[in-house]
Amino acid sequence: MANKFNSGDSRTRSSISIFIVAGLCCFFYLLGAWQRSGFGKGDSIALEMTKSGENCNILPNLNFETHHAGEAGIIDDSNSQVTAYKPCDSQFTDYTPCQDQRRAMTFPRENMNYRERHCPPEGEKLHCLIPAPKGYVTPFPWPKSRDYVPYANAPYKSLTVEKAIQNWVQYEGNVFRFPGGGTQFPQGADKYIDQLASVIPIANGTVRTALDTGCGVASWGAYLWKRNVIAMSFAPRDSHEAQVQFALERGVPAVIGVLGTIKMPYPSRAFDMAHCSRCLIPWGVNDGLYMKEVDRVLRPGGYWVLSGPPINWKTNYKSWQRPKEELEEEQRKIEEAAKRLCWKKKTEYGETAIWQKTMDTNSCRATQENSGETFCKSQDPDDVWYKKMEQCITSYNSVNTDGGELKPFPERLNAVPPRIASGSVPGVSIEAFLEDNKQWKKHVNAYRKINKLIDSGRYRNIMDMNAGFGGFAAALQSPKLWVMNVVPTIAKQNTLGVIYERGLIGIYHDWCEGFSTYPRTYDLIHANGVFSLYKNKCDFEDILLEMDRILRPEGAIIFRDEVDVLVKVKRMIGAMRYDSKMMDHEDGPLVPEKILVAVKQYWVGNSTSAQ
């Protein structure tokens, strides 16, 4: 009897053990599925919104409309729960942290070093909100903005006096008017571009991306736009106050920059055309150092336009009031440097000369080797962030060019870029690029449901802070807007060259530092995975304050990131005078990635609350 009882008891214990083990297996399986789904990561805000309506892509409580094209608007900030960030003093209205005038004067003036990027150390960073000037209003929509800028947005009249006879800008009541003139095109940028187009194939899509060095108020880039050419314009922050600020107020792509001692923040073979219209850059000095840097960023077959001194010095030296011997020597050095770079002069008329970079890279390399030229040793011609310019020629052998010819624009926008086709971007296949392109079309369609103003012309200047292959910009492509595609210097892949091959523009940048632009220069900012990328690299606060600095009042931000990151971001921007909403990924609540949409409130200097 005892044996039978013990045997039955053993079977009972075995059954219980099996049941317990099975139960634990089921529990841990469900727990794993729950954690992978994204639930339990603090996304109660997103879930709340999902339950609030059938279509989670519509944000009825978030107001994207502008209210201050003459009158101030009010946006409720009832969700703010964190100690609010205070406004900076009104003296910082146009603060540019890495091109601050007072700091610049402490650096050497040789080779324009003092005009380059010099960012503040940690202890000198501002931890306050940059105020808009009193009377600030939303810029006019494009194309009116090309010709008119509200005076209150950039209240500086110095250029209207200094450039009065050159037709740059005129002050008329409460607006600035930009007639489209320039030092080298007094009859207007349109007629000047017509002259260039008689030599350069601007009309057929062959030339799509352009670089304007020393751009002034960027009228050249502004008038290229209607010809389907997008120009990256830059000028230093110097005595001609607010040049780049005026350009961006007009809705023209521009950054603060200078050709000095460090390389330009653009990849090799990026531009179809480069341009200098009396840009005051000494092209012939240092054995043509700056021309070699232009050669690096210019595509084989690309064009370089030089307009102004010393071109055609024999005819113009008297009007320029410079010694003809000096001008002759200057042009001789430029001609020699161009010859060493295998640039062929296409034409010289009036005060304008046009060169074309050779397509025959093999014979060019042989000629350069025979003449004893020095070639850059770097294996990566796109590794340029804070790298010194070198007295060398970028080697064609260091760049894989086997991906085929670039297609004309707009066909090249969605075609496989040569750098992808040739395998020049490690770990990226043609299939991966095409899938990425497809995904961004879906993402942007979801954004359009969130914010119906995206295609309306309300947003002209747009920034993508972590652009990848440029899929966001490609999906948005419209004559009403342009996108500054930023590739972070710490990104896993260097894709900026791919972006340019698609006929888009962009720049390298480290988001732990200030961006090279004035405050209030972007209407819409897209931040995809930016905060996950910079986690443990620098403070979220610094990045968010910089985003706030460059975003216009009542501009919008679209954050896309992991939910735990966005919960932290939402809490911080609530203290920065933003109205925001969290929502699910367009594929549903089970995807850990979420979307946070924020609108910046309207307020101006000396305001203690929203106006």
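Residues numbered from 1 in each chain as written. Predicted model: local features only at pLDDT ≥ 70, side-chain atom pairs only at ≥ 80, totals over all residues. Heavy atoms only, no water.

Cut-off, in case you're wondering: UniProt positions are given in the numbering used here, feature names are shortened, and annotations may be inferred rather than shown by experiment.
By the naming in an unreviewed UniProt entry, the protein chain goes by Methyltransferase and is assigned to Buddleja alternifolia. In its Sequence similarities (unreviewed entry) section, the UniProt record describing the protein chain reads: "Belongs to the methyltransferase superfamily."

1. Considerations on the overall build of the protein chain
Defined as follows: Secondary structure elements are taken from DSSP: a helix is a run of H or I of four residues or more, a strand is a run of E of two residues or more, and numbering for both begins at the N terminus. Only protein chains enter the accessibility calculation, which uses a 1.4 Å probe; a residue is then buried when its area is under 20% of its type maximum, exposed when over 50%, and partly exposed in between. For this analysis, residues touch if any pair of their heavy atoms sits within 4.5 Å. All accessible areas in this document rest on Shrake-Rupley with a 1.4 Å probe, and a residue is counted as covered only by the protein chains that are shown.
The secondary structure content of the protein chain amounts to 19 helices and 17 strands. Looking at the protein chain as a whole, 56% of its 611 residues qualify as buried. Of all intrachain contacts in the protein chain linking residues separated by at least 6 positions in sequence, the fraction that spans at least 24 positions is 70%. Approximately 26,300 Å² of the protein chain is accessible, and the part contributed by carbon and sulfur atoms is 52%.

2. Observations regarding the sheet that holds strand E15 (residues 551–562)
Operational definition: Any two strands are treated as partners once DSSP identifies two or more bridges connecting them. Each axis is a line fitted through C-alpha atoms, and for a helix only the stretch in contact is used; angles between axes span 0 to 180 degrees, taken between their N-to-C directions.
With mixed pairing, the 7 strands of this open sheet are ordered in space as E13-E12-E11-E14-E15-E17-E16. Since the sheet does not close on itself, it has two edges, and those belong to strand E13 (505–509) and strand E16 (578–584), each with one partner. Adjacent strand axes in the sheet meet at a mean angle of 20° when their direction is disregarded.

3. Some thoughts on the environment of Glu65
Positionally, Glu65 belongs in the loop between helix H2 (44–52) and helix H3 (101–104). Apart from residues lying up to four places away in sequence, Glu65 is in contact with Leu453 and Glu554.

4. Notes on the packing of aromatic side chains
The cut-off we apply is this: Between rings of Phe, Tyr and Trp, where Trp is taken as its six-membered ring, a pair exists when centres lie within 6.5 Å; planes separated by under 30 degrees are stacked, by over 60 edge-to-face, and by other angles tilted.
Using the criterion set out here, one finds 21 aromatic pairs in the structure. Ring geometry for Trp304 against Trp343: centres 5.3 Å apart, planes inclined by 50°, an arrangement best described as tilted. In this pair, Trp304 is assigned in strand E8 (residues 298–307) and Trp343 in strand E9 (residues 343–349), connecting sequence segments 39 residues apart. You'll find Trp304 and Trp343 in the same group, each marked buried.

5. Focus on the sheet that holds strand E1 (residues 148–150)
Taken in spatial order, the 3 strands make up an open sheet running E1-E3-E2, and their pairing is antiparallel. The sheet terminates laterally at E1 and strand E2 (170–172), the two strands that pair on one side only. Pairs of neighbouring strands in the sheet enclose a mean axial angle of 30°, with direction left out of account. Note that E1 and strand E3 (residues 175–177) share 3 bridges and pair antiparallel. When the bridges of E3 are listed, Val149 appears paired with Phe176.

6. Re the nonpolar core
The following threshold applies: Joining through side-chain atoms within 4.5 Å is the link that ties buried Ala, Val, Leu, Ile, Met, Phe, Trp, Tyr and Cys residues into a set, and such a set is a nonpolar core.
In this structure, Tyr266, Trp283, Trp304 and Phe559 are the most contacted members of the largest nonpolar core, which totals 140 residues. Excluding residues that lie within four positions of it along the chain, Trp304 makes contacts with Ala274, His275, Trp283, Met291, Val294, Leu298, Ile334, Trp343, Ala353, Ile354 and Trp355. Counting 10 residues, the second largest nonpolar core, distinct from the first, contains Val149, Trp168, Val217 and Ala242.

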